[in-house]
Amino acid sequence: NLGGIGRDTVQVTVNGTSGSGSTIRIEAENYSNMSGVQTENTQDAGGGKDVGWIDNGDWMDYSVSAGSAGSYTVNFRVAAPFSGSQVQIKNSAGSVLATVNVPYTGGFQTWQTVSANITLAAGTQTIRVQSTSNASFNFNWLEIASGIASAAVSKTDSTQLVSSPTISEEMS
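An account of the accompanying structure is given in this report.

Scoring rules and cut-offs
- Residues numbered from 1 in each chain as written.
- Predicted model: local features only at pLDDT ≥ 70, side-chain atom pairs only at ≥ 80, totals over all residues.
- Heavy atoms only, no water.
- Salt bridge = Lys/Arg side-chain N within 4 Å of Asp/Glu carboxyl O.
- Helix = DSSP H or I, 4+ residues; strand = E, 2+ residues; numbered from the N terminus.
- Buried < 20%, exposed > 50% of the residue type's maximum accessible area, 1.4 Å probe, protein only.
- Phe/Tyr/Trp six-rings, centres within 6.5 Å; stacked < 30°, edge-to-face > 60°.
- Core = buried A, V, L, I, M, F, W, Y, C linked by side-chain atoms within 4.5 Å.
- Contact = heavy atoms within 4.5 Å.

Some details on the pattern of salt bridges
Here's step 1: Throughout the structure, instances matching the rule amount to three salt bridges.
Here's step 2: Note that Arg-25 is salt-bridged to Glu-143, the shortest N-O span being 2.8 Å. Of the two residues, Arg-25 sits in strand β3 (residues 22-27) while Glu-143 sits in strand β13 (residues 137-146), which places them 118 residues apart along the sequence. Across the pair, Glu-143 and Arg-25 agree in class, each one buried.
Here's step 3: Of the charged contacts, one joins Asp-44 and Arg-77 as a salt bridge, the two residues approaching to 2.9 Å between their closest N and O atoms. Of the two residues, Asp-44 sits in the loop between β5 (38-41) and β6 (49-54) while Arg-77 sits in strand β8 (residues 70-79), which places them 33 residues apart along the sequence.
Here's step 4: The buried category is assigned to Asp-44, whose relative accessible area is 7%.

Concerning the packing of aromatic side chains
Here's step 1: With the rule as written, the count across this model stands at three aromatic pairs.
Here's step 2: Pairing Tyr-62 with Phe-139 gives two aromatic rings, centres 6.5 Å apart and planes at 90°, and the pair type is edge-to-face. Of the two residues, Tyr-62 is situated in strand β7 (residues 59-66) and Phe-139 in strand β13; the sequence distance between them amounts to 77 residues.
Here's step 3: Look at Tyr-62 and you get buried, because its relative accessible area is 1%.

Some remarks on the nonpolar core
One recurring pattern in soluble globular proteins is that nonpolar side chains are buried together.
Here's step 1: Judged by nonpolar contacts, the single largest core of 32 residues is most densely connected at Met-60, Tyr-62, Phe-76, Val-129, Phe-137, Phe-139 and Leu-142.
Here's step 2: With residues near it in sequence (within four places) discarded, Val-129 still touches Asp-58, Trp-59, Met-60, Tyr-62, Phe-76, Val-87, Gln-88, Phe-139 and Leu-142.

Interpretation in functional terms is not warranted from these geometric data alone.
Next up, the structure:
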């Protein structure tokens with residue numbers, strides 16, 4: 001980790017309607033801002049990039065717009081060759097929405113999905129994924145799931161998103 005800082009704009013919009021539920025996947029490298037991390041090619045299913053060199057205090061910001069306030073499940077795809085890794089999900093005020101223990105998976109390219117529940121306000125907001133431990137890990141993607149039927153994702157780059165059939169993608 002060379003203390004790098006970068007910025008890219010990714011907007012995820014979740015439109016609240018009644019229905020059976022939707023999941024939006026955000027690739028970890030599609031952060032809107034970050035501190036201390038780098039990307040690399042992943043060996044996880046689907047290929048692409050993951051975020052690595054994650055050390056204590058390193059973080060990534062993601063802009064999310066929830067159509068309605070409520071509880072959301074956040075799934076994280078992680079790989080860790082050490083035990084004791086931990087990540088916090090914070091809102092833009094710095095309040096902790098959830099703390100997630102990252103399990104030992106057997107290596108930096110041995111992947112597992114872990115989950116947490118967070119509460120989001122309606123409207124656009126930034127969520128921060130921040131390491132709070134000295135044990136390094138890699139991060140491939142996060143999914144935000146709720147009891148809504150549709151969602152739109154707009155992006156400012158050409159990276160392909162993987163999504164469920166109930167999610168429409170709008171590439172700008």
